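# Close look at the chain arrangement
Take a look at the letters that make up each chain.
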Amino acid sequence: MATLEKIRNKAGLLVTVVGVALFAFIIGDGLRSGSTFFRQSKETVLNVDGKSIKIHEYMNSVDELTEIYSMQMGGGNLTEDQQSQVRNEVYERYVREILINEEASKVGFTVTSDEIYDMVLGDNISPMVQQMPMFQNEAGHFDKTVAKRFLDVIIKDMDYSQMSPQEQSQIENSKKFWLYLEKEMRQRKMEEKYGALLAKAVVANSLDAKDEYEENKVSVDFEYTVKNYATLPDTMFSVSESEIKNLYNKRKELYKQEPAAEIKFIVVNVTPSDEDYAEVKKAMSDLKEEFITSTDIAEVVNENSDKPFYDAYTSASLLSADAKRFVTEAQIGDVQGPVQIGNTFHMYKYLGKMIAPDSIRVNELTLPMYAENELKVFSDSLINVIKGGQSFAELAQSLTGGRYNGDMGWLTDETALRRIDESFRNAIFDAKINDVFVLKTTRGTHLMQVTEKTAPVEKYKVADIAMEVDPSTRTVNQAQTLLSQYILKNNTWDKFEAEAPAAGYICQSASVEKNDQTLQGMPSTRQVVRWAFESKKGEMSKVFEDNNRFLVAIAGDHLAKGFRPVAAVSEILKRELINDKKAEKIMADLKAKNCTSLEECGDRVDSVKFVNFNTRSIAGIGMEPALNAAAPIAEINKISGPVKGKNGVYMFKVLVRHDNPGEFNPTEQKQMMGMQNAYRYMYQSMQMLRDKAEIDDNRITFY
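Residues numbered from 1 in each chain as written. Predicted model: local features only at pLDDT ≥ 70, side-chain atom pairs only at ≥ 80, totals over all residues. Heavy atoms only, no water.

All right, on to the environment of Gln131 then. With respect to the helices, strands and loops of the structure, Gln131 is situated in the loop between helix H6 (127-130) and helix H7 (144-155). In this structure the C-alpha to C-alpha distance between Gln131 and Phe142, which are 11 residues apart in sequence, comes to 7.4 Å. (Helix = DSSP H or I, 4+ residues; strand = E, 2+ residues; numbered from the N terminus.)

This paragraph deals with the packing of aromatic side chains. One pass over the structure, following the stated rule, counts 13 aromatic pairs. Taking the centre distance of 6.2 Å and the plane angle of 25° together, the rings of Phe326 and Tyr348 count as stacked. Here Phe326 is found in helix H13 (residues 321-329), whereas its partner Tyr348 is found in strand S8 (residues 344-357), with 22 residues between them in sequence. The exposure class of Phe326 is buried, given its relative accessible area of 6%. By relative accessible area, which is 2% here, Tyr348 ends up buried. Both rings, one in Tyr486 and one in Tyr505, keep their centres 5.2 Å apart while their planes meet at 75°; by these two values the pair is edge-to-face. Of the two residues, Tyr486 sits in helix H18 (residues 473-489) while Tyr505 sits in the loop between helix H20 (500-503) and strand S14 (507-513), which places them 19 residues apart along the sequence. (Phe/Tyr/Trp six-rings, centres within 6.5 Å; stacked < 30°, edge-to-face > 60°. Buried < 20%, exposed > 50% of the residue type's maximum accessible area, 1.4 Å probe, protein only.)

In this section: the packing of helix H11 (residues 274-293) against helix H12 (residues 297-304). Interaxial distance between H11 and H12 falls to 9 Å at its minimum, and their mutual angle equals 160°. As summarised for this structure, H11 and H12 are arranged roughly antiparallel, according to the angle between their axes. Between H11 and H12 lies a crossing of left-handed hand. Where H11 abuts H12, its residues Leu287, Glu290 and Phe291 lie against Ile297, Val300, Val301 and Asn304. (Axes fitted to C-alpha atoms, helices over the stretch in contact; angles between N-to-C directions. Parallel < 35°, antiparallel > 145°, perpendicular 65-115°, else oblique. Left-handed = near helix turned anticlockwise from the far one by under 90°. Contact = heavy atoms within 4.5 Å.)

With that settled, the discussion passes to the nonpolar core. Grouped together as the largest cluster of nonpolar side chains are 44 residues, with contacts concentrated most on Leu46, Tyr58, Phe135, Trp178, Leu181 and Met185. Elements with a minimum of two residues in this core: strand S1 (44-48), helix H3 (55-72), helix H4 (80-106), helix H5 (113-120), H6, H7, helix H8 (165-201) and helix H25 (666-692). Among the elements that line this core, the one with the most residues is H4, at 9 residues. When near neighbours in sequence (up to four residues on either side) are disregarded, Tyr58 contacts Val45, Ile53, Arg87, Val90, Tyr91, Tyr94, Arg699 and Tyr703. Grouped together as the second largest cluster of nonpolar side chains are 21 residues, Leu232, Ile244, Tyr248 and Leu573 included. (Core = buried A, V, L, I, M, F, W, Y, C linked by side-chain atoms within 4.5 Å.)

Mapped onto the secondary structure, His558 falls in strand S16 (residues 549-559). Sequence separation of His558 and Lys537 is 21 residues, and the distance between their C-alpha atoms is 7.9 Å. For His558, the contacting residues outside a window of four places in its chain are Ala260, Ala261, Ala532, Phe533 and Ser535. A polar side-chain atom of His558 sits 3.2 Å from the main-chain carbonyl oxygen of Ala532. Looking at His558, its side chain comes within polar contact range of the main-chain oxygen of Ser535, at 2.9 Å. (Polar contact = N/O pair within 3.5 Å; in protein donor to acceptor, adjacent residues only side chain to side chain.)

Where H13 is concerned, the buried positions are Ala323, Phe326 and Val327. One face of H13 carries all of its buried residues, which in axial projection span an arc of 90°. In H13, the exposed residues that point more than 90 degrees away from the buried face are Ala321, Thr328 and Glu329. (Arc of directions from axis to C-beta.)

Take unusual backbone geometry next. For the bond from Gly337 to Pro338, the omega torsion is 5°, close enough to zero to count as cis. Mapping Pro338 onto the fold places it in strand S7 (residues 335-341). Between Gly641 and Pro642 the backbone carries a cis peptide bond, its omega angle lying at 0°. Residue placement: Pro642 occurs in strand S19 (residues 639-644). Backbone geometry places Asn548, a non-glycine residue, at a positive phi of 60°. On the secondary structure map, Asn548 appears in the loop between strand S15 (544-545) and S16.

The structure is reproduced here in structure tokens:
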């Protein structure tokens, strides 16, 4: 009883202890649960409308696509830029797949196995399949029999134990490629269905078709002169803050931005010092005696030069100015140099001279790897076809499904040697014009035809030892030391920029978004972008080094998703306002001048042809929509303008008006517009889906 009484007296304390224990248990479990949540959150590289892609899944897809690209490149490693493109492509595919499949599922779209079969072995072969070499026959055409044989090997259960490791590896790679291709075809088919649905939702009527026809019916040739805005100094025109603010409010939708980080940065591209030039010049001078006396010039050049030796003759017109001057004054066997041209020292040896065509134009078709007797029969039949009247181009196109017409273009002695080998070079330069012959080289067996030769000229064989001067380790270290000293003294936001000119540096500003792969297009600068988002305002970066280039940055503000502030775009807006005021002055001056010829209106007169309302970019001018609109309706042989453009003010005179001879066919016109609209609506809808979706992109956390 005494014990029970003690428990009863301590009941309040007991309840408290038990409650605390229970609370600790619940909180502990919650914290463990929370740690799992945060860990999973940290593993998420992409989240689109609640659908998460984990980093391991994303990287598996990156590895898969990297391997596919590597196989297509013949097994080579991808460059850093190519790897960046692969990661972006995988990201874009995930976003498109999630967004489009969400919409497609609402209307019940699916892609069936029968549709995949139809795209590979049915009546509607996918262009992706048609262009794959493993599905083509010896003539380069898509062949269902070849495709079926390929699929039989990789899909059916087979005993691969009797195959060599190399054959097993090839089959394994083929399986990976097929799975990738099938997935791609399935997704593209889904997008095709979605695009077709959108295109059918907005159908062009006869009035739309008529307007489109009329806009393209007339095109004009015209002469023009332009007064560029850059010809007037900016100091002639003033722009107020209120003008900038008003224009910003009109343009605000153009300045939407993702989260961004502001930085200032200095780039130092290290160049060779005087000592570096002197060292290379001495090394070349020391080599001169061997160059003069050696009987194996190719070996001397290839062991010492930055470019290989080609045993070829070159016309004087293709030699550098120094080499040309040398051969016209020297005797065979003479050596000249070292001669400095830019960052490179050259030393020349005159080896020979001949008179022959400078270049020839060649047709070529690589023949299948048949047995000797089969190859003879096949090549003879092709030669007979050409002798019978079919052109080489027609034959090549028929054998390659229209992908290649056989024209190798114009080849010089050296380019022919580099393209294939010496036997190829010798054979084509010795061949008669229009003769068709078979040629075996180290690259295979070829059907050849020389179609043109230039007139014989004097050609020279010159050996050239070229040594480019690169910054020495000493020079690179000195540049790095100077930059390090600068940032130690000038490590605040204001001083970093203000003191740069006195130190010989140029300080630049940039606003980077987290998915920018480079800083202002400079290669190997993704790490700078990552640093910018990981750093606080005023924090100084390390010195980033890449291929004799140093870069150091200081972090500024982090900008939230939304609209770029006025200050960030004020220079862009100011430029537009100044150009508007320049246009007003130029137009007023031209009207007052009352020109009677284009020559009176400007310093230079140019001409363009076949410009209509829908010409996207006018040759030599670029995109000038106002000029597109004005030219087709202007009077012939009358000076028209002034027209305010993006880059300047134009005066022009229409010389010829071309009327489309084709009659208006509403059915064909609407069909063409439907195809154009399908692409346009697909692009626009994708943008709309992205705009309304919640996309959380965390790639910068991982790379």
